[in-house]
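Spelled out from the first residue to the last, the chains are:
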Amino acid sequence: MTDAVIRVRGLRNQFGPNIVHDGLDLDVMRGEVLGVVGGSGTGKSVLLRTIAGLQRPAAGSVEMLGVDMQTAGEAALKAVSQRTGVLFQDGALFSSLTVRENVEVPLRAIHGLATETRQALARLKISLAGLPWSAGDKFPAELSGGMRKRAGLARALALDPEIVFLDEPTAGLDPIGAAAFDDLIGSLSRTLGLTVFLVTHDLDTLYAICDRVAVLAERRVLVTGPVAAMGAVDHPWVQSYFRGRRARAARDAIAAQAPGG
Amino acid sequence: MDDPVTTDAAALRVEPGAEATHIRLSGRIGVRDLPDIAPQLDAVAAAPRVVIDLSEAALIDTSIAWAIDATGRRLRDAGTAVDITGAAPEIAQTLETVAAARPQPEARPPGPGPLQALLGGVGAAVVGLWGGLVAFAGVLGLFLVRLAQSLVQPRQFRLTALVHHCEAVGVQAVPIVALMAFLIGVVLAFQGSAQLRQFGAEVFVVDLIAVSILRELGILLTAIIVAGRTASSFTAAIGSMKMREEIDAMRTLGIDPGHVLVVPRVLALVLMLPLLGLIADLAGLFGGALMSWIELGISPAMFLTRLAEGANAGHAFVGLVKAPVFAVLIGVIGCQAGLAVGKTAESLGRMTSTAVVAAIFAVILADAMFSIFFQRIGV
């Protein structure tokens, strides 16, 4: 089961004279958790938005679930969008709807689904995302940042997508909340067979749940591989990122957890 | 593990048997198949034994797992023995995950009864109205205090901001205000002449136009247009700064929002609204004169003569003296609504429309009170 569900070839993104990506290649395999890292301004979020079809690249091709995102028609793109889910940085929940109604929005696209079934499924997704029942009746503004992210994840998972895009899922969470969110993503990807494409700065997330890491630098994917192999990569940015004090702490924490857990 | 025969077409078969009812699911089944499958599952009646056979299922998603789980629970509650057989490891895991995450309803605290809800709603509205008045008084006080401080310490005063807002609320509003007043003058002359002609008193149309435009309509309609235009833009500008915590940032940097945001805006309105009112008066008289000339043959010279004969300077004064009061009402309501915006975009939209409605209402209320006042003192 190692077929690529996302295939990016020769991607170029530029804003005016500012070239963000040039000749970028990337494969994401089915069922894996891929972490995308890179310094500020290396275009991690831009890459996510391009693959998710929210932004047209200047050149190159993006193929997702066998569909070429540049040449596909509207119907094919809609079908792909129903097989993928995106969690935006602050959840991007619709502020005029309760959390349950937010999760119901994608479910409304299915014809013939009874209202009670739709509500029950929304409740199930909210529970899968680790939120209590009462959170479903609240409005996004009444939730904390961590709960909003969980609610956003519940909405992203509403249609049981094959691929989930997560944009900095643990940014702005306290370490305990971030670790809980990591565990949630890890367990959902394992039990539901999700492919996860996540953009992060969080070394703990990389060590805890990512099967593979892709490093963005010099306008392309510099290297991909398991996080443990990153220390051996001979590149100044990768060296300072994965051999720095914070990386060591994250690695030690995972190593200390592994025998016990 | 023997590989079951899997087809991608999703299907569900219910086979009632003598000793057990078999429910067979096959293929890749997802949430899109649920509308077809759910009624079939709901129709399965309680029997001594029900077997849910998943050996032909290639893949199920969480919604199908939920439906299977829910059906299993319903049948077990009815005293049926339910077995789930033949689930591949991935399917069994999905079933397990969903069963573990089954949402538990929480008892909600009982809501108030209808009478209580009604009384509570009325009470909340009264308290909200009072709170709004207090907040209005607070921002009005802030404006006056900061204005007085600016007089003592002119360095605190933001002249550039004042000029900018004068342009935005005054100069840019001239075309719409002038056009509106011109059309009102035209309408008054037209309607007035039709009525007055019945008495042969056409020439009094000049007085009709002069009194109504100079005393009331010129400034009132200008204030209403400015309330719609400017109160909303004040609320939107200050409210979006509030949303992004810019106003909190100002406070931590020792910059007073009253000096920076409120004084230039309200003062600009106080300076500009009388001028806009004057422009409206002139445009209205011009429109009225033009229509009188066309419709009644009252020449512009005659119009001016009639205008000079009436006590119209007094009317114009009565009209324009109201302008600064309207300006303070509009400006303070706009700023106060902006400062009351919460963290969400939705509250920004709500406060913007509230500001416009409240500003227009306040202007009309103040105008009514001015009318009574001027009538009492006999101006």
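Structural data are supplied above this passage.
Here is what the cut-offs are and how they apply
- Residues numbered from 1 in each chain as written.
- Chains lettered and ligands numbered in written order.
- Predicted model: local features only at pLDDT ≥ 70, side-chain atom pairs only at ≥ 80, totals over all residues.
- Heavy atoms only, no water.
- Axes fitted to C-alpha atoms, helices over the stretch in contact; angles between N-to-C directions.
- Helix = DSSP H or I, 4+ residues; strand = E, 2+ residues; numbered from the N terminus.
- Parallel < 35°, antiparallel > 145°, perpendicular 65-115°, else oblique.
- Left-handed = near helix turned anticlockwise from the far one by under 90°.
- Contact = heavy atoms within 4.5 Å.
- Phe/Tyr/Trp six-rings, centres within 6.5 Å; stacked < 30°, edge-to-face > 60°.
- Buried < 20%, exposed > 50% of the residue type's maximum accessible area, 1.4 Å probe, protein only.
- Lys NZ or Arg CZ within 6 Å of the ring centre and 35° of its normal.
- Buried area = accessible area lost by both parts, 1.4 Å probe.
- Polar contact = N/O pair within 3.5 Å; in protein donor to acceptor, adjacent residues only side chain to side chain.
- Nonpolar A, V, L, I, M, F, W, Y, C, P; charged D, E, K, R; others polar.
- Patch = residues over 30% accessible without salt bridge, like charges linked within 9 Å, V, L, I, M, F, W, Y side chains within 5 Å.
- Areas by Shrake-Rupley, 256 points an atom, 1.4 Å probe, with all protein chains shown as cover.
- Salt bridge = Lys/Arg side-chain N within 4 Å of Asp/Glu carboxyl O.
- Lys, Arg positive; Asp, Glu negative; His and termini not counted.
- Charge placed at Lys NZ, Arg CZ, Asp CG, Glu CD.
- Pairing = 2+ DSSP bridges.
- Right-handed = clockwise from strand over helix to strand, strands pointing away.

Draft legend 1. Focus on the packing of helix α5 (residues 159-169) of chain B against helix α9 (residues 257-296) of chain B. Residue and element names in this part refer to chain B. Running from amino to carboxyl end, α5 crosses α9 at an angle of 45 degrees, the nearest separation of the two axes being 8 Å. One way to sum up the angle between α5 and α9 is to call them oblique. In this structure, α5 crosses over α9, and the sense of that crossing is right-handed. Seen from α5, the contacting residues are Ala161, Leu162, His165, Cys166 and Val169; seen from α9, they are Pro264, Arg265, Leu267, Ala268, Leu269, Leu271, Met272 and Leu276.

Draft legend 2. The packing of aromatic side chains, seen in detail. Summed over all chains, the structure comprises seven aromatic pairs over all chains. Ring geometry for phenylalanine 165 of chain A against phenylalanine 197 of chain A: centres 5.4 Å apart, planes inclined by 55 degrees, an arrangement best described as tilted. Placement of phenylalanine 165 of chain A in strand β7 (residues 163-167) and of phenylalanine 197 of chain A in strand β8 (residues 195-199) is noted, with a sequence separation of 32 residues between them. Phenylalanine 197 of chain A shares its class with phenylalanine 165 of chain A; the two are buried. When the ring of phenylalanine 373 of chain B is compared with that of phenylalanine 374 of chain B, the centres are 5.5 Å apart and the planes differ by 55 degrees; the resulting orientation is tilted. Linked through ring pairs, Phe326, Phe370, Phe373 and Phe374 of chain B together constitute an aromatic cluster. A cation over a ring is seen here: arginine 123 of chain A above tryptophan 133 of chain A, with NZ or CZ 4.0 Å from the ring centre. For the cation-ring pair, arginine 155 of chain A lies above phenylalanine 94 of chain A, with the distance from its terminal atom to the ring centre recorded as 4.5 Å.

Draft legend 3. Quick look at the interface of chain B and chain A. With 21 residues of chain B in contact, the opposing surface of chain A contributes 25 residues. For the chain B and chain A pair, buried surface summed over both sides reaches about 2000 Å², with 68% attributable to carbon and sulfur atoms. Considering only the side of chain B, the residues that lose the most area to chain A are Arg32, Thr62 and Trp66 of chain B, jointly responsible for 26% of the buried surface there. Counting across the chain B and chain A interface gives four residue pairs in polar contact (both at pLDDT 80 or more). Contributing elements (two or more residues each) for the side of chain B that touches chain A: α1 (34-43), α2 (62-77) and α3 (89-100) of chain B. Looking at which element gives the most residues to the side of chain B that touches chain A, the answer is α3 of chain B, with four residues. Across the side of chain B that touches chain A, the residue classes break down as eight nonpolar, seven polar and six charged.

Draft legend 4. Region of interest: the packing of helix α11 (residues 312-321) of chain B against helix α12 (residues 323-339) of chain B. All names here are of chain B. Closest axis-to-axis distance for the α11/α12 pair is 5 Å, and the angle between their directions is 15 degrees. By the angle between their directions, the pair α11 and α12 is classed as roughly parallel. Together, Gly319, Leu320 and Val321 of α11 and Ala323, Pro324 and Val325 of α12 make up the contact between the two elements. Class assignment for the residues of the contact of α11 with α12 results in five nonpolar, one polar and no charged.

Draft legend 5. A look at a positive patch on the surface. Residues and elements named next belong to chain A. Together, Arg243, Arg245, Arg246, Arg248 and Arg251 make up a region of like positive charge exposed at the surface. By secondary structure assignment, the location of arginine 251 is in helix α9 (residues 245-260). A residue is classified by how much of its surface remains accessible, and arginine 251, at 34% relative accessible area, is partly exposed.

Draft legend 6. Seen up close, unusual backbone geometry. All names here are of chain A. The backbone of alanine 92 sits at a positive phi, close to 50 degrees, despite the residue not being glycine. Following the sequence through the fold, alanine 92 ends up in the loop between β6 (84-87) and α3 (99-107). Even without a glycine there, the phi angle at glutamate 218 is positive, about 50 degrees. Here glutamate 218 lies in the loop between β9 (212-217) and β10 (220-225).

Draft legend 7. Representation of the pairing of strand β3 (residues 33-38) of chain A in the model. Residue and element names in this part refer to chain A. Most of β3 sits out of view: six of its six residues are buried. By the alternation rule, side chains of β3 split into Val33, Gly35 and Val37 and Leu34, Val36 and Gly38, which are all buried. As judged from the four bridges shared by β3 and β8, these two strands associate in the parallel manner. Residue pairing in the sheet places valine 36 in a bridge with valine 199 of β8. With five bridges connecting them, β3 and β9 associate as parallel partners. Opposite leucine 34, over in β9, you have arginine 212 as the bridge partner.

Draft legend 8. Highlighting the pairing of β7 of chain A. Residues and elements named next belong to chain A. Counting buried positions along β7 yields five of five residues, so the element is predominantly enclosed. Note: β6 against β7, four bridges, orientation parallel. In the sheet register, leucine 87 faces β7, and the bridge partner there is leucine 166. Looking at chain direction, β7 and β8 are connected through five bridges and run parallel. Each residue of the ladder has a partner; that of aspartate 167, found in β8, is valine 199. A crossover links β7 with its parallel partner β8, the connecting element being helix α6 (residues 175-192), and its sense is right-handed.

Draft legend 9. Region of the structure containing the pattern of salt bridges. All names here are of chain A. Applying the stated criterion to the full structure yields 28 salt bridges over all chains. Among the salt bridges present, the one from lysine 125 reaches aspartate 160, with a minimum N-O distance of 2.7 Å. Placement of lysine 125 in helix α4 (residues 115-128) and of aspartate 160 in the loop between α5 (145-156) and β7 is noted, with a sequence separation of 35 residues between them. With a relative accessible area of 2%, lysine 125 lands in the buried category.

Nothing here speaks to function; it is all geometry.
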